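So you can see what is in the structure, the chains are spelled out below.
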Amino acid sequence: MRIFLVPGLMAATMLTPAAASAAEIAPNLNKTPGLVKVDLTGNVALQREGRSERRANRSNRQGNRGQARSQTRNNRGQADVSRQSRSSARSDRNETRETRRATRAEQSASRNVNLATQRERRVDRQRAATRSATQNRRTADRRAARRGDTNRDGRVDRRYDRNRDGQIDRRYDRNNNNRVDRRVDRNRDGRIDRRYRDNRQVRNDRNYNRNNRNWNRSWRQDRRYDWRRYRQANRSYYRLGRYYSPYRSHSYRRWNIGVFLGASFYGSRYWINDPWRYRLPTAYAGTRWIRYYDDVLLVDTYSGEVIDVIYDFFW
């Protein structure tokens, strides 16, 4: 635009004197009759200059528009490039997100597998511990059964220690090693085997009459067992208190020799563990002195038969 303005200014400067003279002459020429009016004041030139200036301005505007259009095109291209870059970045982000999701899913699956494995191992350890505890308990039970102490109270069970001397009876411990013989308790469950008990019962039945015959009832004539005179001097020993029957509906009956009693009548709660305290003879193996109300009975603990009886023994 500067290129067009400079020549225009130079032309205007050069034509200014001519315009002034023409302005002075023009009124006279226009007053002359018969002549064509001529504008010598320079307005036409000025109009031409304005038009040329407008053309120049128009061309400049067109050039500016072209530059603007090209700039807009360039901007649009850049926008397209930026849009493409954004779309590529978005696709990259989506791919990254999908990769992360797949990684998380794999980690979660691996974590679940690890948890399941740990749970199985924990269950296996618990089962192994339970199995080991059960085996240890069974081993301890077998050892306690061998010692004759199934309830593990530090004392020999009454079934193996009938005379309550703290030792296993000789009939259950033939080799005298303080262990219950295997012939009595084969499975080591702390109970006398039925086979041994049945054989013992058969043996007792076979020799029962002989045992009864062997029991000498003439011990009453022995002065060592004069319990009547001893009772007169020691009345408190024979005052044991109330007798509780094993059955509520049972009342006193006068049992005779040869009667068979139920096992509840000669349980351990009715045993007389120290016969000499009452001046009674010692009972042989397989028999027990028991209390029945105020009477004293000698009972075979395997069959329940009454071998000897003393009425009104206690007060």
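Because the structure is a prediction, the values reported are computed rather than measured.

(A) Region of the structure containing the sheet that holds strand 2 (residues 295-300). Pairing is antiparallel in the open sheet, where three strands are placed in the order 1-2-3. Both edges of this open sheet fall to strand 1 (287-292) and strand 3 (306-310), since each of them pairs with a single strand only. For this sheet, the mean inter-axis angle between neighbouring strands, taken without regard to orientation, is 20 degrees. By the bridge criterion, four bridges tie strand 2 to strand 3 in an arrangement that is antiparallel. Bridge pairing in strand 3 links Val299 to Val306.

(B) Representation of the nonpolar core. Trp219, Leu280, Trp289, Val296, Ile310 and Phe313 are the most contacted members of the largest nonpolar core, which has 16 residues in total. When residues no more than four places from it in sequence are discounted, the contact partners of Ile310 are Trp219, Arg220, Trp227, Leu280, Trp289, Asp295 and Val296.

(C) Quick look at the packing of aromatic side chains. Overall, the coordinates contain 24 aromatic pairs when judged by the stated rule. Pairing Tyr238 with Phe314 gives two aromatic rings, centres 6.4 Å apart and planes at 45 degrees, and the pair type is tilted. Taken together, the residues span a long stretch of sequence, with Tyr238 in the loop between helix 5 (227-233) and strand 1 and Phe314 in the segment after strand 3 at a distance of 76 residues. Take Tyr238 and Phe314: they sit in the same class, and that class is buried.

(D) Local environment of the pairing of strand 1. Of all six residues that make up strand 1, six are buried, and the element is covered over most of its length. Alternating residues of strand 1 divide into Thr287, Trp289 and Arg291 and Arg288, Ile290 and Tyr292, and every residue in both groups is buried. Pairing of strand 1 with strand 2 involves six bridges; the strand directions are antiparallel. Residue pairing in the sheet places Arg288 in a bridge with Val299 of strand 2. Between strand 1 and the antiparallel strand that follows it, strand 2, lie two residues; Tyr293 among them carries a positive phi value of about 55 degrees.

(E) Local environment of the side chain of Arg231. Locating Arg231 in the fold gives a position in helix 5. The buried charged residue Arg231 lacks any salt bridge, with Asp312 as its nearest oppositely charged partner at 7.6 Å. Not counting residues up to four positions away in its chain, the partners in contact with Arg231 are Tyr238, Asp312, Phe313, Phe314 and Trp315.

(F) Structural view of the pattern of salt bridges. According to the stated counting rule, one finds four salt bridges in the structure shown. Taking the shortest distance from any N to any O, the salt bridge between Arg220 and Asp308 comes out at 2.8 Å. Of the two residues, Arg220 is situated in the loop between helix 4 (208-214) and helix 5 and Asp308 in strand 3; the sequence distance between them amounts to 88 residues. As a salt-bridge pair, Arg229 and Asp226 come within 3.7 Å of each other at their nearest N and O atoms. Of the residues examined, Arg229 reaches a relative accessible area of 53% and is grouped as exposed. On the accessibility criterion, Asp226 (31% relative accessible area) is partly exposed.

(G) Quick peek at the confidence of the model for the chain. Looking at the chain, the pLDDT average stands at 76 and 64% of residues meet or exceed 70. Note on residues 18-23: pLDDT under 50 across the span, and six contacts to partners over four residues away in sequence or across chains. The low-confidence segment residues 198-210 (pLDDT under 50) makes 10 contacts with residues lying over four places distant or belonging to another chain.

(H) How the structure looks around unusual backbone geometry. Its identity is not glycine, yet Tyr293 carries a phi of approximately 55 degrees, on the positive side. You can see Tyr293 is positioned in the loop between strand 1 and strand 2. Backbone geometry at Asp312 places phi at a positive 50 degrees, although glycine is not the residue there. On the secondary structure map, Asp312 appears in the segment after strand 3.

Thresholds applied
- Residues numbered from 1 in each chain as written.
- Predicted model: local features only at pLDDT ≥ 70, side-chain atom pairs only at ≥ 80, totals over all residues.
- Heavy atoms only, no water.
- Pairing = 2+ DSSP bridges.
- Helix = DSSP H or I, 4+ residues; strand = E, 2+ residues; numbered from the N terminus.
- Axes fitted to C-alpha atoms, helices over the stretch in contact; angles between N-to-C directions.
- Core = buried A, V, L, I, M, F, W, Y, C linked by side-chain atoms within 4.5 Å.
- Buried < 20%, exposed > 50% of the residue type's maximum accessible area, 1.4 Å probe, protein only.
- Contact = heavy atoms within 4.5 Å.
- Phe/Tyr/Trp six-rings, centres within 6.5 Å; stacked < 30°, edge-to-face > 60°.
- Lys, Arg positive; Asp, Glu negative; His and termini not counted.
- Salt bridge = Lys/Arg side-chain N within 4 Å of Asp/Glu carboxyl O.
- pLDDT = per-residue confidence, 0-100.

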